[in-house]
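Working through the structure, step by step
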Amino acid sequence: MYDMKNMAKLGQLGKNAGNDIWKKFGALNEAVMADGVIPVKYKELIAVAVALTTQCSYCLEIHKGKARQAGASDEELAQTVFIAAMLRAGGAVTHGSHLIDD
(Lines give C-alpha, C1' and ligand atoms only; values in the text may rest on other atoms or scores of the structure.)
Protein backbone atom coordinates (compact mmCIF):
# COMPACT_ATOMS: atom_id res chain seq x y z
CA MET A 1 0.00 0.00 0.00
CA TYR A 2 2.82 2.40 0.81
CA ASP A 3 4.16 4.05 -2.32
CA MET A 4 5.52 7.59 -2.45
CA LYS A 5 3.82 7.93 -5.86
CA ASN A 6 0.56 8.20 -3.91
CA MET A 7 1.69 11.63 -2.74
CA ALA A 8 0.92 12.91 -6.26
CA LYS A 9 -2.75 12.16 -5.55
CA LEU A 10 -2.97 14.65 -2.69
CA GLY A 11 -3.75 17.53 -5.05
CA GLN A 12 -6.80 15.68 -6.33
CA LEU A 13 -7.81 14.81 -2.77
CA GLY A 14 -7.61 18.50 -1.88
CA LYS A 15 -9.59 19.47 -4.98
CA ASN A 16 -12.28 16.94 -4.09
CA ALA A 17 -12.46 18.35 -0.54
CA GLY A 18 -13.17 21.86 -1.84
CA ASN A 19 -12.98 25.13 0.10
CA ASP A 20 -9.21 25.40 -0.51
CA ILE A 21 -8.72 22.96 2.38
CA TRP A 22 -5.54 21.51 0.86
CA LYS A 23 -4.03 24.98 0.34
CA LYS A 24 -4.89 25.92 3.93
CA PHE A 25 -3.43 22.66 5.20
CA GLY A 26 -0.23 23.42 3.28
CA ALA A 27 -0.12 26.94 4.69
CA LEU A 28 -0.53 25.55 8.21
CA ASN A 29 2.26 23.05 7.59
CA GLU A 30 4.59 25.79 6.32
CA ALA A 31 3.81 28.06 9.27
CA VAL A 32 4.26 25.33 11.87
CA MET A 33 7.48 23.96 10.42
CA ALA A 34 9.10 27.35 9.78
CA ASP A 35 12.16 28.35 11.80
CA GLY A 36 11.14 29.95 15.08
CA VAL A 37 11.75 29.56 18.78
CA ILE A 38 12.22 25.87 18.00
CA PRO A 39 14.78 25.56 15.16
CA VAL A 40 13.77 23.67 11.99
CA LYS A 41 16.15 20.79 12.75
CA TYR A 42 14.46 20.15 16.10
CA LYS A 43 10.99 20.47 14.55
CA GLU A 44 11.93 17.89 11.94
CA LEU A 45 13.36 15.54 14.58
CA ILE A 46 10.11 15.91 16.53
CA ALA A 47 8.20 15.13 13.33
CA VAL A 48 10.35 12.02 12.81
CA ALA A 49 9.61 10.86 16.36
CA VAL A 50 5.88 11.37 15.88
CA ALA A 51 6.01 9.59 12.52
CA LEU A 52 7.75 6.66 14.19
CA THR A 53 5.07 6.44 16.88
CA THR A 54 2.20 6.78 14.39
CA GLN A 55 4.09 4.51 11.97
CA CYS A 56 3.42 6.76 8.97
CA SER A 57 5.88 5.70 6.27
CA TYR A 58 5.12 8.82 4.21
CA CYS A 59 5.87 11.14 7.13
CA LEU A 60 9.05 9.21 7.91
CA GLU A 61 10.31 9.57 4.35
CA ILE A 62 9.44 13.27 4.14
CA HIS A 63 10.66 14.35 7.57
CA LYS A 64 13.81 12.22 7.50
CA GLY A 65 14.84 14.08 4.36
CA LYS A 66 13.94 17.46 5.81
CA ALA A 67 15.77 16.64 9.05
CA ARG A 68 18.85 15.75 7.03
CA GLN A 69 18.55 19.00 5.05
CA ALA A 70 18.35 20.88 8.34
CA GLY A 71 21.61 19.25 9.46
CA ALA A 72 20.44 16.25 11.49
CA SER A 73 23.15 13.63 11.89
CA ASP A 74 22.91 9.84 11.94
CA GLU A 75 23.40 9.99 15.70
CA GLU A 76 20.56 12.49 16.19
CA LEU A 77 18.22 10.38 14.06
CA ALA A 78 19.23 7.25 15.99
CA GLN A 79 18.54 8.92 19.34
CA THR A 80 15.20 10.13 17.96
CA VAL A 81 14.29 6.51 17.20
CA PHE A 82 14.92 5.50 20.79
CA ILE A 83 13.04 8.51 22.19
CA ALA A 84 10.03 7.43 20.14
CA ALA A 85 10.46 3.81 21.23
CA MET A 86 10.70 4.84 24.89
CA LEU A 87 7.50 6.89 24.63
CA ARG A 88 5.61 4.00 23.00
CA ALA A 89 6.92 1.54 25.58
CA GLY A 90 6.23 3.97 28.41
CA GLY A 91 2.62 4.27 27.28
CA ALA A 92 2.22 0.50 27.38
CA VAL A 93 3.83 0.22 30.81
CA THR A 94 1.88 3.05 32.41
CA HIS A 95 -1.39 1.78 30.93
CA GLY A 96 -0.48 -1.56 32.49
CA SER A 97 -1.34 0.04 35.82
CA HIS A 98 -5.01 -0.26 34.79
CA LEU A 99 -4.62 -4.04 35.02
CA ILE A 100 -3.90 -3.90 38.75
CA ASP A 101 -6.99 -4.32 40.88
CA ASP A 102 -7.23 -1.96 43.83
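Preceding this paragraph is the structure being described.
Attention here is on the structure that accompanies the text. For clarity, every value in this text was computed on a predicted model and none was experimentally measured.

**A few points about helix α4 (residues 57-69)**
Over its 13 residues, α4 runs 18 Å from end to end, which matches the ideal 18 Å to within 8%, given 1.5 Å per residue. After α4 finishes, the residue G71 shows a positive phi value of roughly 105°.

**What to know about unusual backbone geometry**
Of note, D20 is a non-glycine position whose phi angle comes to about 55°, a positive value. Within the secondary structure layout, D20 lies in the loop between α1 (10-17) and α2 (21-33). Under the relative-accessibility criterion, D20 is labelled partly exposed at 45%. Its identity is not glycine, yet Q55 carries a phi of approximately 60°, on the positive side. Here Q55 lies in the loop between α3 (40-54) and α4. Given the relative accessible area of 61%, Q55 is considered exposed.

**Thoughts on the packing of α3 against helix α5 (residues 74-95)**
Direction vectors running N to C along α3 and α5 enclose 45°, while the axes themselves pass 9 Å from each other. In terms of axis orientation, α3 runs oblique to α5. The interaxial crossing formed by α3 with α5 has right-handed handedness. Listed contacts from α5 to K41, L45, V48, A49, L52, T53 and T54 of α3 are E76, L77, T80, V81, A84 and R88.

Parameters at a glance
- Residues numbered from 1 in each chain as written.
- Predicted model: local features only at pLDDT ≥ 70, side-chain atom pairs only at ≥ 80, totals over all residues.
- Heavy atoms only, no water.
- Helix = DSSP H or I, 4+ residues; strand = E, 2+ residues; numbered from the N terminus.
- Expected span 1.5 Å × (residues − 1).
- Buried < 20%, exposed > 50% of the residue type's maximum accessible area, 1.4 Å probe, protein only.
- Axes fitted to C-alpha atoms, helices over the stretch in contact; angles between N-to-C directions.
- Parallel < 35°, antiparallel > 145°, perpendicular 65-115°, else oblique.
- Left-handed = near helix turned anticlockwise from the far one by under 90°.
- Contact = heavy atoms within 4.5 Å.

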